[in-house]
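As a plain string of letters, each chain reads:
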Amino acid sequence: MPTNGKQVCLSATCFSAVVFLFSAEDKCEEICDCTYVEVNRNKYIISVGWDRKINMFYDSTDNFYHLQKPQAHWQDDLSLGHKEDILCIAQCPPTLLATSSYDGEIIVWNMISGRIRHKFHTPVLTSSVYTKTSQAVEASVTQVLFLKTRVMKYESAASSLISNGPQGYVHFWSLFSEDPLVASFTPSREKSMISSIAVTADDSYLYAADKDGNVYVHDIKEYALQDPEQETPKYVNHWRAHINLILSLEVIDEDNILLSCSVDHTVRLWSLAGEYIGTFGQAEPWDIFTPASWKHPMVPYEILIDPQSMPTHPVLEGESPGLQITDKDENIQDTANCHPRFSQVISEGMEEEINKQFSTEASSRRLKHERSKLLNRLASHRKPNTYHTINYYEIDSFPGNSKKPDLSILGTDIFSAHYQAVAEP
């Protein structure tokens, strides 16, 4: 298993001990990403980083505990490769390799010949909000991945490469089309930067994580297959997995689970539907095959109390009063939107009668509610029944009759007699 970090060496580890130690160069250059590939029965560990080169290390089990230098660099890598730091690498068997850099450039390589097959430049929206400095920072591409089921369909115009990009966009690229950028959309509702992306093995669902710790799920099975797409893919689900930027997502299809890690120092496990299984290091054990041991329907406590987890509403933001009754035109429009198959039918006589009955300023909240109900009555294709023709009147105040009844015709006052009998010892 290859591992890397903010260091100049790359380690390949097994369950027993450290097997190999690789060094990219004598310089102190950070390694940003690595992957493991097999080409013509040869196995390699490939790393990329601040040295702006693709470093390939031959994986051999003949010698243990030794320091290994990278293989000779490709000619295209030296002369036509990245001009900025390489941030990400992804491979697609049998021969394709993709790398992305800090300036937004994506290069697709042929690992057998070492030649460049495609170069993509991530678009940056021009806006007065972004300065030249912020545009340079926003242009970086930190995640690329292949849609492997589509890559196998050679000469297909369907998108087969996905990358994140500036201003919260996710881009779909075609390897066999004149116009490589097939589709773009922003998964995050807040237009936050997408920090990590992952897909299921059949390339049906896209999982995108943003810098606020949210995970968004979209159905991309029929998305960006031929012509450029203007719409967004079908939304499936979203939830908040961490309270800070998510560094990596990994879909484990065999067990139908999703692994996430964040800069908030937590690693968590989820079902593909977003059910919370648990956090690594928690006191209570879990079993991925026993849903009863999962934390679901609970959520991580730090997410529950985080201010960004609070729902957004105009009342909470102080933009509108808490009790606000819309006027009749807004009520009519809302009813029409909620019931598109019905038309709004209100006769002039009915509206006049309702306005007459509810014109007083001292009307209670219930009266306003009754007015709204009458105004928003749906159309009926039959004649109004008896119930609909009954006039409705509200009794605002009824003092009642508190006068003592005249019981002289009975010959005695039963009330006085009763209290007198009770008072006697």
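Residues numbered from 1 in each chain as written. Predicted model: local features only at pLDDT ≥ 70, side-chain atom pairs only at ≥ 80, totals over all residues. Heavy atoms only, no water.

Participant: Sorry if this is basic, but what is going on with the packing of aromatic side chains here?
Facilitator: Given two aromatic rings, one states the distance between the centres and the angle between the planes to describe the pair. Per the stated rule, a full pass over the model turns up nine aromatic pairs. On the numbers, 5.1 Å between centres and 40° between planes, the contact of tryptophan 270 with tyrosine 276 is tilted. The pair tryptophan 270 / tyrosine 276 is uniform in exposure class, with both members buried. In textbook terms, an aromatic cluster arises when at least three aromatic residues are bridged by ring pairs, as seen for Phe172, Phe185 and Tyr223. Stacked on the ring of tyrosine 235, the Lys or Arg arginine 189 has its end atom at 5.3 Å from the ring centre. (Phe/Tyr/Trp six-rings, centres within 6.5 Å; stacked < 30°, edge-to-face > 60°. Buried < 20%, exposed > 50% of the residue type's maximum accessible area, 1.4 Å probe, protein only. Lys NZ or Arg CZ within 6 Å of the ring centre and 35° of its normal.)

Participant: Please clarify how the nonpolar core should be interpreted in this entry.
Facilitator: Note that soluble globular proteins tend to have their nonpolar side chains buried in a common cluster. Core analysis: the biggest nonpolar cluster contains 16 residues, and Ile162, Val170, Phe172, Ile197, Leu206 and Ile220 have the highest contact counts within it. Sorting the residues of this core by element identifies β14 (170-173), β15 (181-185), β16 (194-199) and β17 (205-210) as the ones contributing at least two each. The contacts of phenylalanine 172, once residues within four sequence positions are left out, are Ser159, Leu161, Ile162, Pro180, Leu181, Val182, Ala183, Phe185, Leu206, Ile220, Tyr223 and Ala224. (Core = buried A, V, L, I, M, F, W, Y, C linked by side-chain atoms within 4.5 Å. Helix = DSSP H or I, 4+ residues; strand = E, 2+ residues; numbered from the N terminus. Contact = heavy atoms within 4.5 Å.)

Participant: It is not clear to me how the pairing of β17 should be interpreted in this structure. Could you clarify?
Facilitator: Two faces make up the sheet, and in a regular strand the side chains alternate between them. Most of β17 sits inside the fold, with five of its six residues counted as buried. Relative to β17, β16 runs antiparallel, the two sharing five bridges. Each residue of the ladder has a partner; that of valine 199, found in β17, is leucine 206. With antiparallel pairing between neighbouring strands as the criterion, β16 and β17 make up a hairpin whose turn holds five residues, including aspartate 203 at a positive phi of roughly 60°. Here β17 runs beside strand β18 (residues 214-219); their pairing, made up of five bridges, is antiparallel. Of the residues in β18, the one forming a bridge with tyrosine 207 is valine 217. (Pairing = 2+ DSSP bridges.)

Participant: In this structure, what is going on with the pairing of strand β22 (residues 267-271)? I would like to understand it.
Facilitator: Among the five residues of β22, four are classified as buried, and the element is accordingly described as predominantly covered. Judged from the five bridges that link them, strand β21 (residues 257-262) and β22 form a sheet pairing that is antiparallel. Along β22, the bridge assignment pairs isoleucine 257 with serine 271. The hairpin turn running from β21 into β22, its antiparallel successor, is four residues long, and histidine 265 in that turn takes a positive phi close to 70°. Here β22 runs beside strand β23 (residues 276-279); their pairing, made up of three bridges, is antiparallel. In the sheet register, leucine 269 faces β23, and the bridge partner there is glycine 278. Here β22 folds back onto β23, and the loop between the two strands holds four residues, one of which, glycine 274, carries a positive phi near 95°.

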